[in-house]
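Single-letter residue listing:
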Amino acid sequence: MKSHIPSRMLVLGLLLLPGALSAEEKAAKLQEQTANKAAALPEAVTREGSVKIGGKVINYELTAGSMRIERDKQPADIFYVAYQRITDNPTVDRPVMFAFNGGPGSSAVWLHIGMLGPKILNLPGDGTTAPKPPVTVRDNPQSLLDVCDLVFVDPVSTGYSRPGNEDKAKHFHGVDADIEACGEFIRRWITENDRWASPKYLLGESYGGIRVAGLAQYLQSRHGMGLNGVVLLSVILDFATIQGSNTGDLSHSIFLPAYAAVAHHHGKLEGDRDQLVDEAGKFAYGDYASALMKGVELDNATKTEIAERLSSFSGIATEVWLRHNLRIQPTLFRAELLRDEGKTLGRFDGRVAWDNPDPTTDDARYDPSYSLALGAFSTALKDYLGREIGYKLDEPYEILTSKVHPWKWGRENTILDVSDRLATAMRDNPHLKVLVMSGHTDLATPPECVAYSLRHLHDLPAAQRDNIRTEYYEGGHMFYLNPPDLKKSRADLLEFLESE
């Protein structure tokens, strides 16, 4: 005899089967699937243009678009602008450079229209004067496009790049996740443009230096992609070099030579600047470091002697050094050096000195060098992308965003240091060259940050140490805003690209 189960009981039974989803769970799953299939960014835009470099007209093709990649099964669209020179010679013979800015949370706008690209921001003077808005771009005769194709990359959540699902953005916001995502973009771009046989270079500014140091090792070990060169521009590799603590005094030695350079620029110290910076460095790692290590056991006579020498290297009064126990933070230095003039200094560029809104404070509460650049770069790039290139999107272009936070820095209870990854890449690829570019008046990542880290690559073979070259510039973090520095940077990069 057949039994008959009421249909509503059958439905109930199916809902109660192991693994069955409730209505709420089904709705949530559908929502996640829909989010993960978010529409890609607009179709890529391709244009042809020309720029005069070194007296020659350079014709090029630019592509502004996005590439969808995946990490941990999560999609993301990475926005980029690529420039490839139009020549009669095979494209594969030309070097290609991938450029990244920092943050984390910054788009590639600064390098794109501030230094390397065929269009450059129209700024007045030496990069310390606020431009009158609106700011536009003009042809860049110092671009590298005559000798090297350029790809400017916005990491996930910066610029026009975005995760496929905002709720899953954390899959891309971290040191290793970022390196993997950017590495996948590079692999794909190289493959889709038939550039595996081209010389390949990475350039990273600020946190971008951490990114490209990690990428050098990652691309080699994961994809077998050997690089020809890595450019570290105003970078930090080890956060221990600038993070002070009650027992961590290294940062004070790191910053002292930069204090000397900035004080000299503002006329607070006399003599040859380079000699002064060199002497400040020797003192920083000699008598000063020794005094700091003694802590409260340092006798008063020696403490006063050290404070007087610190004053001679910084332009900050001896009593101020004594009052702060021989330890002056960059924020105090920026507020103190021109206090009598009612000025505060820039963090990204100590040459910039604007009126201090609160001359009584011991800390500089804002950065005039950042204020100077942000609006100008933002306006100029949006105009360039939309009006000149024709790439328009009804979403904000995230010049520098907090959307990437909280950023996953790596293992808990450790201070980020990627210098070992760069050393590994150089060891495994003995032909890998490194160019370090540092601005004397950078009070965000002073030159000694990266110099100290590179001096401590104990596992790097001696032969590979000769592959590291360092160049210094008059300006700060974005020294390329200073026209003489921009011209010098092109010459240094040309020599780097052409060196064997």
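One can find the structure itself at the top, above this paragraph.
Residues numbered from 1 in each chain as written. Predicted model: local features only at pLDDT ≥ 70, side-chain atom pairs only at ≥ 80, totals over all residues. Heavy atoms only, no water.

Undergrad: Describe the side chain of Arg 351, with residues and values.
TA: Take Arg 351: it is sitting in the loop between strand S11 (343-345) and strand S12 (353-355). Overall, the relative accessible area of 7% leaves Arg 351 in the buried class. Among the polar contacts listed, one links the side chain of Arg 351 to the backbone oxygen of Asp 126, at a separation of 3.0 Å. (Helix = DSSP H or I, 4+ residues; strand = E, 2+ residues; numbered from the N terminus. Buried < 20%, exposed > 50% of the residue type's maximum accessible area, 1.4 Å probe, protein only. Polar contact = N/O pair within 3.5 Å; in protein donor to acceptor, adjacent residues only side chain to side chain.)

Undergrad: Quick rundown of the pairing of strand S4 (residues 96-100)? Include the residues and the values.
TA: As a general feature of sheets, a regular strand has side chains that alternate between the two faces. Counting buried positions along S4 yields five of five residues, so the element is predominantly enclosed. Taking every second residue as pointing to the same face, both faces of S4 are buried, with Val 96, Phe 98 and Phe 100 on one and Met 97 and Ala 99 on the other. The pairing of S4 with strand S7 (residues 149-153) spans four bridges and is parallel. Directly across from Val 96, in S7, lies its bridge partner Asp 149. Here S4 runs beside strand S9 (residues 200-205); their pairing, made up of five bridges, is parallel. Counterpart to Phe 98 in the pairing with S9 is Leu 202. (Pairing = 2+ DSSP bridges.)

Undergrad: Would you mind going over the packing of aromatic side chains in detail, with residue names and values included?
TA: Both the distance between ring centres and the angle between the ring planes are used here to describe each pair of aromatic rings. Applying the stated criterion to the full structure yields 22 aromatic pairs. On the numbers, 5.4 Å between centres and 85 degrees between planes, the contact of Phe 79 with Tyr 160 is edge-to-face. With Phe 79 in strand S3 (residues 74-85) and Tyr 160 in the loop between S7 and strand S8 (162-163), this pair connects stretches of sequence that are 81 residues apart. Overall, Phe 79 belongs to the buried group, its relative accessible area being 2%. Using a relative accessible area of 8% as the deciding quantity, one classes Tyr 160 as buried. When the centroid spacing of 6.0 Å and the interplanar angle of 65 degrees are considered together, the rings of Tyr 201 and Phe 496 count as edge-to-face. (Phe/Tyr/Trp six-rings, centres within 6.5 Å; stacked < 30°, edge-to-face > 60°.)

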